[in-house]
Amino acid sequence: MSKTLHIKTYGCQMNVYDSQRIADVLAPHGYVLADHPEAADLVVLNTCHIREKAAEKVYSELGRLRRVGERRQRAGGAPLQVAVAGCVAQAEGDAMAKRAPHVDVVVGPQSYHRLPELLARRAGRRRPVVDTDFPVESKFDHLPEAATPPGATAFLTVQEGCDKFCSFCVVPYTRGAEESRPVADVLAEACGLVDRGVRELTLLGQNVNAYHGEAPDGREWGLARLIRELAEIPGLERIRYTTSHPADMDDALIRAHGEVPALMPFLHLPVQAGSDRVLAAMNRRGGADDYRRLVDRLRAARPDLALSSDFIVGFPGEREDDFAATLALVDDVVFAQAFSFKYSPRPGTPATIMRQHVAEAVKADRLERLQARLDDQQRAFNRHLTGHTVDVLFERPGRKPGQMVGRSPYLQAVHVDGGPELAGRCLPVVITAALEHSLAGKLADDAKLGAVA
Ligand code: SAH
Ligand code: SF4
Ligand code: F3S
């Protein structure tokens, strides 16, 4: 009998990928996806622990779901099962089972392939079943074929976990040690996705450019070698990867940016801050000038490369002159896009117990100033494309009828008049306007003639 499943995903692209895989794991057990938790037999919260009161937010969501379940049972309906997955599940584990005993399963990011078995174990027990192991077996060896057909673009996890231990970050604790999937597995998954219509792959990893997968030739391949191999798959037009660490950006990968046309000229390369003092306290391995030099080398290899970054303001001990160094770095590098955050103390990380925490009002002020500058750069970058022709990979219908949305090489959303037959095609588009968060364009004349497949 079929049952319904609703998955709510928080956090990074890796969680988006994991949520799809959770659906794949449950599909053979009769679960079909539902859009709303109210209609579901099972709700999975795939959680993120990176910032702020992540755990508290999950507990309040769990309280809400408990009331939904109670209302339904009073009305004579089927019980609502709830599983918590992801990084808060990993961090909280047994504490969550105690504080939210109505939850059915608490499962970490490395063991969700066991979900059907964990749900079955819950039957007849009063307490939640908790599995926050880092199992010896890899979950990837136990995941079934994708149940839902992919679109034109897909994520593919190639590496997971992190050994960098930046002093502010929970990821090494929630995702575990850095591990790379074997090349053959990645290629098989990539070929399967391309067979099903995927034209763009984004390779995922918390430290994706630390990739060092075992290869069929008995060696370990780095990310550059893997990308070159993937670029040979007929039908795969675009390759991206995220998130990379500046310290792992080796010569081979820089060269690949210049030599592999499928590798898109847009790179998310988080720098976090522009002050060497702060970068050292963050344990980021490398100073601001190392980052500047790296960007110069990347741009020498691929002159049209656009960059994006993450920034943290108000790290413990950050003074006004440190923050000024971040603004100076932003001015020097010029980013096409960026995410910036106020430093948020995370339980169990070294920065939490550092001295000289920065006042909330100062963090807020710095964030506003940094974001204003980054927004200016993003607007300028979007505007400079007006009148130019860029390739757009079309994904889905837009909000307005008769409109399709796709992505430029720089990951901007581009709206174009056109029908659903454009989906999955990569066509030249003349950019006509830069809007607040997207671009508008029209198909170039040679695209209309069908010259570009
Ligand atoms: N692996 C990636 C990023 C992981 S987390 C990397 O190394 O760059 C995504 C972003 O969240 C980070 O780049 C950082 O900017 C931000 N972040 C992580 N921990 C944070 C914290 N405690 N407070 C504020 N921002 C944080
Ligand atoms: Fe976190 Fe640093 Fe690892 Fe990125 S490199 S996941 S910021 S510890
Ligand atoms: Fe969040 Fe875990 Fe990703 S903490 S950012 S979901 S790795």
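Chains are numbered independently. Their residues run from 1 in the order of the written sequence. By the order in which they are written, chains take letters starting at A while ligands take numbers starting at 1. Thresholds applied to this predicted model are a pLDDT of at least 70 for local features of residues and 80 or more for the giving and counting of side-chain atom pairs; totals over whole chains, interfaces and linings are not thresholded and use all residues. For side-chain calculations, the full set of non-hydrogen atoms in the structure is used, while hydrogens and water are omitted.

**Things to note about the site of ligand 3**
- Note on terminology: near, applied to a residue and a molecule or strand, indicates that one of the residue's heavy atoms is within 4 Å of it. Taken together, Cys12, Asn15, Thr47, Cys48, His49, Ile50, Cys87, Val171, Arg175 and Gln206 form the complete shell of residues around ligand 3.
- All amino acids are sorted into three groups, where Ala, Val, Leu, Ile, Met, Phe, Trp, Tyr, Cys and Pro are nonpolar, Asp, Glu, Lys and Arg are charged, and the leftover types, Gly among them, are polar. Grouping the constituent residues of the shell around ligand 3 by class yields five nonpolar, four polar and one charged.
- By convention here, the domain bounds are inherited from an automatic or database domain assignment. Taken domain by domain, the shell around ligand 3 gets at least three of its residues from each of domain 1 (3-131) and domain 2 (143-384).

**Side note on the environment of valine 107**
- Comment: elements are numbered from the N terminus, with helices defined as DSSP H or I runs of at least four residues and strands as E runs of at least two. Topologically, valine 107 is positioned in strand β5 (residues 105-107).
- Expressed as a C-alpha distance, the spacing of valine 107 and valine 84, which sit 23 residues apart in the sequence, is 6.2 Å.

**Some points on the side chain of lysine 139**
- Within the element layout of this structure, lysine 139 appears in the loop between β6 (129-131) and β7 (153-157).
- Counted as a polar contact is a pair of N or O atoms within 3.5 Å, where, for protein atoms, one must be capable of donating a hydrogen and the other of accepting one, and residues adjacent in sequence contribute only when both atoms are in side chains. At a separation of 2.7 Å, a polar atom in the side chain of lysine 139 contacts the side chain of glutamate 160.
- Any two residues whose heavy atoms approach within 4.5 Å are treated as being in contact. Excluding residues that lie within four positions of it along the chain, lysine 139 makes contacts with Asp18, Pro109, Gln110, Tyr112, His113 and Glu160.

**Observations regarding the packing of helix α8 (residues 223-230) against helix α9 (residues 251-259)**
- One can describe the packing of α8 onto α9 by two numbers: an axis separation of 8 Å at closest approach and a directional angle of 30°. Overall, the two elements α8 and α9 adopt an arrangement that is roughly parallel. Of α9, the residues touching α8 (which contributes Leu223, Ala224, Ile227 and Arg228) are Ala252, Leu253, Arg255, Ala256 and Glu259.
- For the contact of α8 with α9, the residue count by class is six nonpolar, no polar and three charged. In this analysis, axes come from line fits to C-alpha atoms, helices being fitted only over the stretch in contact, and the angle between any two N-to-C directions falls in the range 0 to 180 degrees. Angular relationships are summarised with four words: roughly parallel below 35 degrees, roughly antiparallel beyond 145, roughly perpendicular across 65 to 115, and oblique for the angles in between.

**Quick notes on the site of ligand 1**
- Not every one of the 15 residues close to ligand 1 is listed here, only the nearest: Arg51, Gln206, Gln272, Asp310 and Ser344.
- Here arginine 51 contributes a side-chain N or O atom positioned 2.8 Å from an oxygen atom of ligand 1.
- One of the backbone N or O atoms of phenylalanine 168 is found 3.0 Å from a nitrogen atom in ligand 1.
- Here ligand 1, which alone exposes 530 Å², has 89% of that area covered by the protein.
- Among the elements of the structure, β15 (306-313) and β16 (337-342) are those that each provide at least two residues to the shell around ligand 1.
- The class makeup of the residues in the shell around ligand 1 is six nonpolar, four polar and five charged. Residue exposure ignores everything except the shown protein chains as possible cover, and the areas themselves are Shrake-Rupley values with a 1.4 Å probe.

Scope: geometric values only; no functional claims are made or implied.
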